[in-house]
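Below, each chain spelled out in residue letters.
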Amino acid sequence: MSDTLTQRELGLLIIRFSLITVVSFVAFKWMLHKIDPTKKQKEEAKKKALANLKRLGMKTDTDLNDHEMMVAANLVGPNDIPVSWDDVAGLDNIIEELKYSVIYPIKLMRARPESRLTRPPKGVLLHGPPGCGKTLLAKATAREAGTNFINLEVSLLTDKWYGESQKIAAAVFTLATKLQPCIIFIDEIDSFLRSRTTQDHEATAMMKAQFMSFWDGLLTDPNCTVIVMGATNRASDIDAAILRRMPTVFFIDYPSTTQRQKVLGLTLKGEQLASDVSLDVLATKTDGFSCSDLYELCRKAVSTRNQKAFQSYVKSQENGGIFDSRNQSKEDSSKDLSSSQSSKSPSSKSERPSGDAEFVNIRISPLCMEDFEKSLVKMKAARSIFQS
Ligand SMILES: Nc1ncnc2c1ncn2[C@@H]1O[C@H](COP(=O)(O)OP(=O)(O)O)[C@@H](O)[C@H]1O
Ligand SMILES: [Mg+2]
């Protein structure tokens with residue numbers, strides 16, 4: 001036996017070594033894939049993203065990388081946004097300003113790309129107290145401007161894996177640029193772009209830096225129609241560097257009496273109102289209410305009115321008057337009820353409305369001032385608890 005390897009043995013050794021390397025590499029990749037805790041989230045995001053892209057008429061996902069696909073799960077097309085200017089009451093001045101400073105420039109840029117100064121701003125900030133229509137306005141703006149809308153959820157940017165957040169932050173901008181014109185909307189923007197401190201985690205600090213550098217990329221590319229729109233009720237908490245990148249600012253304050261009257265009018269559109277209901281009086285009595293408080297007031301008033309209707313319906317049932325509203329005589333209905341109770345036959349049972357159908361028989365009267373007054377008392381009591 002010779003000490004040196006023959007050529008054949010050497011060849012076999014190399015093949016064996018290569019095979020082991022390939023198998024180990026594949027096994028390692030498979031294991032990494034299996035232990036990745038974000039695997040399920042990524043798969044779900046991909047499914048959602050594909051559905052979104054299909055709805056927007058985009059043929060393939062081949063142009064998007066994994067991270068862009070994750071962001072595409074938050075994508076909404078202008079025609080899929082269920083909010084328009086018609087759903088916003090009392091903010092005509094702000095709508096007008098938004099039209100001139102954001103929407104028309106987007107449209108004009110497509111028609112007249114030569115002027116640099118007609119271009120829309122790259123950053124818009126909506127700020128003001130909660131429940132006054134910031135989110136509503138942002139959505140309506142995207143719809144009216146006909147832009148795609150990435151409703152960026154902050155949780156998407158806070159990946160536990162080192163480096164992932166930065167890649168996602170980058171993907172937000174690359175995807176938006178591919179889909180332009182596009183609005184990147186960040187609700188409660190203060191929660192993730194708040195003033196940087198020395199206590200910030202390194203990964204968070206890097207993600208913010210990445211976000212800002214991509215944003216700057218937008219600023220320097222004059223032909224790019226991507227707008228970052230942020231909403232907050234704590235503008236003072238936002239990083240100064242971020243505020244500088246959002247030069248167009250709208251303050252949406254608590255509604256005035258006239259605005260409250262308009263919001264009440266819009267919220268109650270389609271509801272039957274009794275003749276004693278005065279929106280003017282209600283607007284005066286709701287000083288300090290936000291628009292979402294007014295919505296809640298109307299919802300509570302409807303609930304109070306319905307409660308009365310349910311109670312009288314239950315009472316009429318107890319009195320054997322269950323079928324009154326189906327134009328049956330009381331004797332007929334009581335006969336029907338007693339026969340169904342005594343015989344419990346399937347045929348008599350089947351004549352009774354069942355499930356939701358029974359609710360068709362409930363007589364709902366128009367909303368009256370008393371319903372609003374009661375709700376107002378309840379809401380004011382709840383507010384005083386929170387304020388004390
Ligand atoms: N201007 C408005 N007109 C009509 N409804 C409004 C208006 N502003 C707010 N609302 C109601 O209040 C809810 C919350 O508004 P939202 O835009 O989310 O407030 P914000 O983002 O300022 O906290 C909306 O879903 C809507 O029902
Ligand atoms: Mg909001």
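Residues numbered from 1 in each chain as written. Chains lettered and ligands numbered in written order. Predicted model: local features only at pLDDT ≥ 70, side-chain atom pairs only at ≥ 80, totals over all residues.

*Asks:* Would you mind going over the overall build of the chain in detail, with residue names and values included?
*Replies:* Tallying secondary structure elements over the chain gives 14 helices and 6 strands in all. The burial tally for the chain puts 30% of its 388 residues in the buried class. At a minimum sequence separation of 6, the contacts of the chain that also span at least 24 residues come to 77%. (Helix = DSSP H or I, 4+ residues; strand = E, 2+ residues; numbered from the N terminus. Buried ≥ 20, exposed ≤ 12 C-beta atoms within 10 Å, placed from the backbone. Contact = placed C-beta atoms within 7 Å.)

*Asks:* If you had to explain the UniProt feature "transmembrane region" (unreviewed entry) in the chain to someone new, which residues and values would you point to?
*Replies:* If you check UniProt for "transmembrane region" (unreviewed entry), the listed places come out as residues 12–32 in our numbering. Here residues 12–32 runs as 100% helix and 0% strand, with 30 Å between its end C-alpha atoms. (UniProt positions renumbered as here; feature names shortened; annotations may be inferred.)

*Asks:* For the sheet that holds strand β4 (residues 182–187), give the residues involved together with the corresponding values.
*Replies:* Strand order in the open sheet formed by 6 strands is β1-β3-β4-β5-β2-β6, with mixed pairing between adjacent strands. Strand pairing shows two members of the sheet lacking a second neighbour, β1 (75–76) and β6 (248–251), which therefore form its edges. Across 2 bridges, β1 lies against strand β3 (residues 148–151) in antiparallel orientation. When the bridges of β3 are listed, L75 appears paired with I150. Of the strands in this sheet, β2 (123–127), β3, β4 and β5 (226–232) touch helix α5 (residues 134–145), which is tilted by about 165° from β5. (Pairing = 2+ DSSP bridges. Axes fitted to C-alpha atoms, helices over the stretch in contact; angles between N-to-C directions.)

*Asks:* Could you give me a rundown of helix α4 (residues 92–111), with the residues and numbers involved?
*Replies:* The end-to-end C-alpha distance of α4, which contains 20 residues, comes to 26 Å, matching closely the 28 Å that a straight helix rising 1.5 Å per residue would cover. At K99, α4 shows its largest kink, close to 45°. Listed as buried for α4 are L98, V102, I106 and M109. (Expected span 1.5 Å × (residues − 1). Bend = angle between axes of the 7 residues up to and from the residue.)

*Asks:* Describe the environment of I238, naming the residues involved and giving the relevant values.
*Replies:* Note on placement: I238 falls in the loop between β5 and α8 (240–244). Assessed through the 21 C-beta atoms surrounding it within 10 Å, I238 is described here as buried.

*Asks:* So what's going on with the site of ligand 1? Residues and values would help.
*Replies:* Taken together, 17 residues are adjacent to ligand 1, and G133, K134, T135, C291 and S292 come closest. Split into classes, the residues belonging to the shell around ligand 1 amount to 11 nonpolar, 5 polar and 1 charged. (Near = placed C-beta within 6 Å. Nonpolar A, V, L, I, M, F, W, Y, C, P; charged D, E, K, R; others polar.)

*Asks:* Please give an account of unusual backbone geometry that cites residues and values.
*Replies:* Residue P181 is bonded to the preceding Q180 through a cis peptide linkage, with omega at 0°. Here P181 lies in the loop between α6 (164–178) and β4.

*Asks:* I'd love a proper account of the confidence of the model for the chain, names of residues and values included.
*Replies:* Caution applies to low-pLDDT regions: their predicted coordinates should not be interpreted in detail. Of the residues in the chain, 81% reach a pLDDT of 70 or more, and the chain-wide mean stands at 80. When the elements of the chain are averaged for pLDDT, helix α12 (residues 330–343) gives the smallest value, 37, and helix α9 (residues 257–267) the largest, 95. In this model, residues 322–350 is a region of pLDDT below 50 whose contacts with residues beyond four sequence positions or in other chains number 26 contacts. (pLDDT = per-residue confidence, 0-100.)

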